[in-house]
Amino acid sequence: MYEHDHAAATATTTPAAPGRRYDLLVVGSANADLVIGVDRRPGPGETVLGSDLVVHPGGKGANQAVAAARLGARTALLARVGDDAHGRLLRASQREAGVDTGGLLVGGAPTGVALITVDPSGDNSIVVSPGANARLTPEDIRASASLFEAASVVSVQLEIPLDTVAETARALGPDTRLVLNPSPPAPLPDEVLAACDPLVVNEHEARFILGDGAGVTPESWARDLTALGPRSVVITLGAGGALVSDTRTGEAVRVPSPEVRAVDTTGAGDAFTAALAWRLGLGEELTEAAAFAVRVGAAAVTREGAQASFPTAEEVPAP
């Protein structure tokens, strides 16, 4: 079934593109992150005591939707959660951020969860049970045609089945732009690569896609990635900002990031991608949108957590 509650219009600050109801439609995952602090991670057959359990809303799709809505984007989420307490937590966090949850499907499996142990150094170990995320099907995409027709930009990741990602690419209208962050990285069909505008990757994801032939510089990765078919590529470089490559101009441009004191990088990539996708939906050029997105990502790393760290438009550092 569908989630029937819709976000209040007062949560948005910017009108959608002419003829469009949403600046951004996010298609992706929604997880509950179950976090326990430990003095050390257990070995095989060992039990250790940990801190009290903390549960946070997460998943790359849900994170991106919250990040975009908090900035002021008219945002919708197409995802699947279970009919359970974790699903209710995720639906509530989306509504609180101002996301339209009319496309949030409920049922089919328990809500996806990430079981996370964190040691005193900050290193973590994560086990993910995809749950309902794995039940977001191509049929769900086809049944949501009205959402795609209403969106200026569609953003998708790889925490849902790859055939669902491929169907998302097929569902795009002629004037709708696809932003893909291939995380966790997986081999991508040619039809999906060809639809990306842009393909957004970090160094690890770029090297995975390019394989053993990957070069040593972001510029070489961008050149080789665009040769695979995307209309544009954005490579995130952490504190180094981002590199933008657009087949329309044939140029690779570095976009610097402001200097900030990083506290927690969790979710920063989702904040960057959401901000980038939103600004593209408003009609900005890719380099201009990336310049805004690196400032959003920089703001996100100055706070702990994922969704809790995402800034409002007023909290984004000035250029």
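To be clear, the structure that these remarks concern was listed above.
Analysis parameters
Residues numbered from 1 in each chain as written. Predicted model: local features only at pLDDT ≥ 70, side-chain atom pairs only at ≥ 80, totals over all residues. Heavy atoms only, no water. Core = buried A, V, L, I, M, F, W, Y, C linked by side-chain atoms within 4.5 Å. Buried < 20%, exposed > 50% of the residue type's maximum accessible area, 1.4 Å probe, protein only. Helix = DSSP H or I, 4+ residues; strand = E, 2+ residues; numbered from the N terminus. Contact = heavy atoms within 4.5 Å. Pairing = 2+ DSSP bridges. Axes fitted to C-alpha atoms, helices over the stretch in contact; angles between N-to-C directions.

Caption draft 1: Just the nonpolar core, in detail. In terms of nonpolar packing, the biggest core is built from 44 residues, with Val234, Phe272 and Leu276 touching the most fellow members. Sorting the residues of this core by element identifies strand S1 (22-27), helix H1 (60-71), strand S4 (75-81), helix H2 (85-97), strand S5 (104-106), strand S12 (242-246), helix H9 (268-281) and helix H10 (286-300) as the ones contributing at least two each. Other than its neighbours up to four places away in sequence, Val234 contacts Pro198, Leu199, Val200, Val201, Ala242, Leu243, Val244, Phe272, Leu276 and Leu286. Membership of the second largest hydrophobic core comes to 38 residues, among which are Phe148, Ala151, Leu193 and Leu199.

Caption draft 2: Region of the structure containing the environment of Ala76. Relative to the helices and strands, Ala76 resides in strand S4. Judged by its relative accessible area of 1%, Ala76 falls in the buried class. Residues Ala76 and Val66, 10 residues apart in the sequence, show an inter-C-alpha distance of 9.5 Å. Aside from chain neighbours lying at most four places away, what touches Ala76 is Tyr22, Leu24, Leu25, Val26, Val99, Asp100 and Leu147.

Caption draft 3: Quick look at the sheet that holds strand S7 (residues 124-129). The mixed open sheet is built from four strands, whose spatial order is S3-S2-S6-S7. Unpaired on one side and paired on the other, strand S3 (54-58) and S7 mark the two borders of the sheet. Pairs of neighbouring strands in the sheet enclose a mean axial angle of 20 degrees, with direction left out of account. Relative to S7, strand S6 (residues 112-118) runs antiparallel, the two being bridged by six bridges. The residue bridging Leu115 from the neighbouring strand is Val127, located in S7. Here H2 sits on the sheet in contact with strand S2 (31-37), S3 and S6, set at roughly 55 degrees to S3.

Caption draft 4: Inspection of the pairing of strand S13 (residues 251-255) at higher detail. Summarising the sheet, S12 and S13 pair through five bridges and their orientation is antiparallel. Opposite Ser245, over in S13, you have Ala252 as the bridge partner. Counted between consecutive antiparallel strands, the loop separating S12 from S13 contains four residues, among which Gly250 sits at a positive phi close to 75 degrees.

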